[in-house]
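These are the residues of each chain, in order.
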Amino acid sequence: MLEIVDLHAKIEDKEILKGLSLKINEGEVHSIMGPNGSGKSTLASILAGKEDYDITDGDILFNGESILEMAPEERAQEGIFLAFQYPIEIPGVTNSYFLREALNSIRKSKGENPLKPVEFVKIAKEKIKNLKMDESLLNRSLNEGFSGGEKKRNEILQMSILDPCMSILDETDSGLDIDALQIVANGVNSHRSPDKSFLVITHYQRLLNYIVPDFVHVLVGGKIVKSGDKSLALELESKGYSWLES
Amino acid sequence: MREELKIDNDQATKEMLEKEEYKYGFVTDVDQEIFPQGLNEEVIKQISAKKEEPKWLLDFRLNAYKKWLKMKDPDWAKLNIDKIDYNKMSYFASPKESPKSLDEIDPEILETYDKLGIPLEEQKMLEGVAVDAVFDSVSLVTTFKDKLAELGIIFCSFSEAVKEHEDIVKKYLGKVIPAGDNYFAALNAAVFTDGSFVYVPKGVRCPMELSTYFRINAENTGQFERTLIIADEGSYVSYLEGCTAPKRSESQLHAACVELLAHDDATIKYSTIQNWYPGDKNGKGGIYNFVTKRGNCVGKNSRISWTQVETGSSITWKYPSCILTGDNSVGEFYSVALTNNWQQADTGTKMIHLGKNTKSTIVSKGISAGQGQNTYRGLVKVNENAVNARNYTQCDSILIGDKCGAHTFPYIEIKNPTAQLEHEATTSKVGEDQIFYCQQRGMNEEDALSLIVNGFCKEVFKELPFEFAVEAERLLSVSLEGSVG
């Protein structure tokens, strides 16, 4: 589904990714772990199409096609979703309105009819119930005045409603208490299916107790230095990253 | 204070204004009678004679003209205004055939209103909205007049009111805005041509929205409308005005006066969607919108609420105000002003607290894009006798791109120690991060910007009657088209 090939990227002359390669197939959950500044969030932003970075070498293929020239909304319409590490506030725009606009933009790109407000609300309420979240979330201004945990849960709700095939979670677990963590993990697990893939970026092994990955990769200095199964995460938890830094 | 957002990418905004199209910029080809250019007593007498006015009204005009001659145009606003030559414009323009009924209106003009989305034929009209259509200097037609008359509501053109309801007009004209109030109000009092007149009798709740649609068509002509709305005891009325004008390279002057008067327990809601031609992307042409609007809450428990959405005009100079005379009276001002390309706006309100327990609310949302300059200017004044006066003011500005400006001048004069005032102000940039977030969810940049700006204006839009709130959102999106790229 997603193939990253020898990706080099820099921001303002500082090289952050230095030859990163990764292949994610349908239905797989991959986790990327790594110390601060290793390039984890940069990778997430680049996949989503943020323009601040220069791709100096390599390619990103999605379903076999390069997406480097695609605008962020085109990538989203193709099914790439990023759960933001710091979700953005948009005052005066309700969560419900925002999500309907988003979903209808995606539907429009596929030649489907836009959903009417009533139809949308029905779907949204169903999802919100499954995720055990509060219905009032829909009528609040997008992320405005949300606690850190609410923002992260809201990202998962958005993922569930927009129904992407490739979800990238950028440190969605940071700042969550154990209850919120479980809600987030349940959201992700209920979204798992043979045709949906995940890239879970995290600092901590903790999240991976709930979202069990098929593969764990360690990102150090802009490159994947080690890959393994879920036991690698446990090893990192006890040994830290220093043994992998050259 | 909200978080100062990240500076927008200059690329993201440059093309916005260039792409914008003003879709109401056409001219209606109709045979018109236009007075020769120039302003003097003779012209004023001719206007008055044309309208077969009583002598007291001519005297009112001439008195205002004398005052105006001695006045200087205001220079305190943060506006760059080219010197206006008052002898280089005409003060009266009217289609030659004056229609007695809809059937007699020139089909060209009917088509004009259809194109503007304001059909005048009864069968096509918006349900629940009565319209007075003012074309240059005259009112063409007022719809639903008879239906309203059954309730004792008078809704007609100002000229007709002078003829049919002279005593009421004489009693109230110039009482809220005296003839010599300010330079543009004095000019208006001297040469005003038409506008709307509304009287809602005691205890009547007006069952439909009343609206006036102002259209400038003739070239080199100023539009000077005068509107007077009186809500008698315990009555309620919601009134809306809309404005458009053809695209021309010369600027045209629109200097209106609107007077509102609310008696005991009466409420007047006055909404404006101002979409005059804003000039081209180089700042050429456009309407000078220099307007004096004021309401007096003379009665106890009365309420006057101004809502304005100002997206057009090359220059806007406008401060819809409330004089809170009656005890427990309430004044409100909700404003969205958008300046794009080279547009300038200096707008705000005055809330004058005279009665006890008077309350006022000010919510101003300024949007600047391109080279636009947007100024909020407001006065909250609490007099000696205004015990327990309260005011809440919120001024928010949003900037799109890095060549525009937002300015805020709040003035406060308090003479009673029991007054309570709150003032909040924020300025933010439409953030790259906000736009990216929307894009990541599947929206394109233009839709994202429109969503963000409409969210910013929401507190004001919710004050508009529903159909017009939808129109306002659409207008804002159109005005922002191409602002990211």
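Here's a quick rundown of the structure. (Residues numbered from 1 in each chain as written. Chains lettered and ligands numbered in written order. Predicted model: local features only at pLDDT ≥ 70, side-chain atom pairs only at ≥ 80, totals over all residues. Heavy atoms only, no water.)

**As for the sheet that holds strand S1 (residues 2-11) of chain A**
Residues and elements named next belong to chain A. Taken in spatial order, the four strands line up as S2-S1-S4-S5 in an open sheet, and their pairing is antiparallel. Two strands bound the open sheet, and with one partner strand each, they are strand S2 (14-24) and strand S5 (65-66). Two strands pair when backbone bridges link them, and S1 and strand S4 (residues 54-62) are joined in this way by seven bridges, in the antiparallel orientation. Pairing of Glu 3 across the sheet is with Leu 61, part of S4. Against the sheet, helix H1 (residues 40-48) engages S1, S2 and S4, with an angle of about 110° to S1. (Pairing = 2+ DSSP bridges. Helix = DSSP H or I, 4+ residues; strand = E, 2+ residues; numbered from the N terminus. Contact = heavy atoms within 4.5 Å. Axes fitted to C-alpha atoms, helices over the stretch in contact; angles between N-to-C directions.)

**A short note on the interface of chain B and chain A**
Listed by partner, the interface residues are 21 residues for chain B and 33 residues for chain A. Taking both sides of the interface into account, the surface hidden between chain B and chain A amounts to around 2200 Å²; carbon and sulfur atoms contribute 61%. Our count for the chain B to chain A interface comes out at two salt bridges. The closest approach of N and O atoms between Lys50(A) and Asp433(B), which form a salt bridge, is 3.4 Å. Applying the counting criterion to the chain B and chain A interface returns 13 residue pairs in polar contact (both at pLDDT 80 or more). Sorting the residues of the side of chain B that touches chain A by element identifies helix H10 (432-440) and helix H11 (445-456) of chain B as the ones contributing at least two each. With eight residues, the single largest contributor to the side of chain B that touches chain A is H10(B). When grouped by side-chain class, the residues that make up the side of chain B that touches chain A number seven nonpolar, six polar and eight charged. (Buried area = accessible area lost by both parts, 1.4 Å probe. Salt bridge = Lys/Arg side-chain N within 4 Å of Asp/Glu carboxyl O. Polar contact = N/O pair within 3.5 Å; in protein donor to acceptor, adjacent residues only side chain to side chain. Nonpolar A, V, L, I, M, F, W, Y, C, P; charged D, E, K, R; others polar.)

**Focus: the pairing of strand S12 (residues 267-274) of chain B**
Residues and elements named next belong to chain B. With eight of eight residues buried, S12 lies mostly within the body of the structure. Of the strand pairs in this sheet, S12 and strand S14 (residues 303-310) are connected by eight bridges, and their pairing is parallel. Paired with Ile 268 across the strands is Ile 304, a residue of S14. (Buried < 20%, exposed > 50% of the residue type's maximum accessible area, 1.4 Å probe, protein only.)

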